[in-house]
Amino acid sequence: MKNRKMLVIDTSVLLYDKNAIHSFPGNDVIIPLPVLDELDRFKEKSGLLGESARYVNRYLDNLRSLGRLDEAVTIPESDQTVRIETQYSKPEDIPPGLVSGYADNQIVATALGLAKNNPSRTVKLITKDINLRVKCDALGLVGEDYWKDHVQDIRIDDVVNNTEICL
């Protein structure tokens, strides 16, 4: 458990790659409650976005047979847990300067709340959204891009040195 990361997954990742939810072995995958609302808005769309939203919704529904999603469900074959985080996205949890009605800001607040309440754990927000990664940086939170084959740290030193750090 010592090296397990808490990876907060943004909607953009799940829509970009429906299999992303399976891509973090040995870590704790956290899905903020607002992500479910966003997935719901895409499930009726045609094409890959709708397909991805429906796949993730069905997968989460199937996980319910293994346990309560708000308490984390363990996926034995990958030593990964999946949990729906229901706290930290209330208006009072949103950092000053961010509008509370935006799902992205609620997702950032979720990651910040997890980091604050789990100081010994590494908490990262994984997103395809550039602006969300910039917000993370401004708030002292690690924001990483997601690629189908790996997660890349987004740090200014790495960009300057053109290096890649993978999980």
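S.K.: For the side chain of Asp-10, give the residues involved together with the corresponding values.
M.R.: Here Asp-10 shows up in the loop between strand E1 (5-9) and helix H1 (11-16). Here Asp-10 is buried and forms no salt bridge, its nearest opposite-charge partner Arg-133 lying at an N-O distance of 8.0 Å. Once residues lying within four places of it in the same chain are set aside, the contact partners of Asp-10 are Val-35, Glu-38, Asp-104, Ile-107, Leu-125, Ile-126, Thr-127, Asp-129 and Leu-132.

S.K.: Give a description of the pattern of salt bridges that names residues and reports values.
M.R.: The tally for this structure, following the rule as stated, stands at 13 salt bridges. Residue Asp-93 is joined to Lys-90 by a salt bridge in which the shortest nitrogen-to-oxygen separation is 3.3 Å. Bridged by salt links that share partners, the residues Arg-4, Asp-28, Asp-79 and Arg-121 form one connected network.

S.K.: Now, about the environment of Asp-79: what can you tell me, with residues and values included?
M.R.: Relative to the helices and strands, Asp-79 resides in the loop between strand E3 (73-75) and strand E4 (80-85). On the basis of relative accessibility, which here comes to 44%, the residue Asp-79 falls in the partly exposed class. Residues Asp-79 and Asp-28 lie 51 residues apart in sequence; the distance between their C-alpha atoms is 8.8 Å.

S.K.: Please provide a residue-by-residue account of the nonpolar core, values included.
M.R.: The nonpolar side chains of soluble globular proteins are, as a tendency, buried together. Formed by 38 residues in total, the largest nonpolar core has its most connected members in Leu-60 and Leu-125. Filtering out sequence-adjacent residues up to four positions away, Leu-125 remains in contact with Val-8, Asp-10, Ile-107, Val-108, Ala-111, Leu-132, Cys-136, Leu-141, Val-142, Gly-143 and Glu-144.

S.K.: Account for the pairing of E4, with residues named and values stated.
M.R.: In terms of burial, E4 is a largely internal element, six of the six residues being buried. Both faces of E4 are covered, namely the face carrying Gln-80, Val-82 and Ile-84 and the face carrying Thr-81, Arg-83 and Glu-85. Where strand E2 (residues 28-32) lies against E4, five bridges are found, and the strand directions are parallel. Counted as the bridge partner of Val-29 is Val-82 from E4. Of the strand pairs in this sheet, E3 and E4 are connected by three bridges, and their pairing is antiparallel.

S.K.: Can you break down helix H4 (residues 103-117) residue by residue, with the values?
M.R.: Spanning 15 residues, H4 covers 21 Å between terminal C-alpha atoms, matching the ideal 21 Å at 1.5 Å per step. Those residues of H4 lying buried are Ala-103, Asn-105, Gln-106, Ile-107, Val-108, Ala-109, Thr-110, Ala-111, Gly-113 and Leu-114.

S.K.: Tell me about the packing of aromatic side chains, and please be specific about residues and values.
M.R.: In this description, an aromatic ring pair is defined by two values, namely the gap between the centres and the angle between the planes. Per the counting criterion, the structure on display carries three aromatic pairs. Between Phe-24 and Tyr-146, the ring centres sit 6.0 Å apart and the planes meet at 55°, which makes this aromatic pair tilted. Of the two residues, Phe-24 is situated in the loop between H1 and E2 and Tyr-146 in strand E6 (residues 142-147); the sequence distance between them amounts to 122 residues. We classify Phe-24 as buried; its relative accessible area is 2%.

Analysis parameters
Residues numbered from 1 in each chain as written. Predicted model: local features only at pLDDT ≥ 70, side-chain atom pairs only at ≥ 80, totals over all residues. Heavy atoms only, no water. Helix = DSSP H or I, 4+ residues; strand = E, 2+ residues; numbered from the N terminus. Buried < 20%, exposed > 50% of the residue type's maximum accessible area, 1.4 Å probe, protein only. Lys, Arg positive; Asp, Glu negative; His and termini not counted. Salt bridge = Lys/Arg side-chain N within 4 Å of Asp/Glu carboxyl O. Contact = heavy atoms within 4.5 Å. Core = buried A, V, L, I, M, F, W, Y, C linked by side-chain atoms within 4.5 Å. Pairing = 2+ DSSP bridges. Expected span 1.5 Å × (residues − 1). Phe/Tyr/Trp six-rings, centres within 6.5 Å; stacked < 30°, edge-to-face > 60°.

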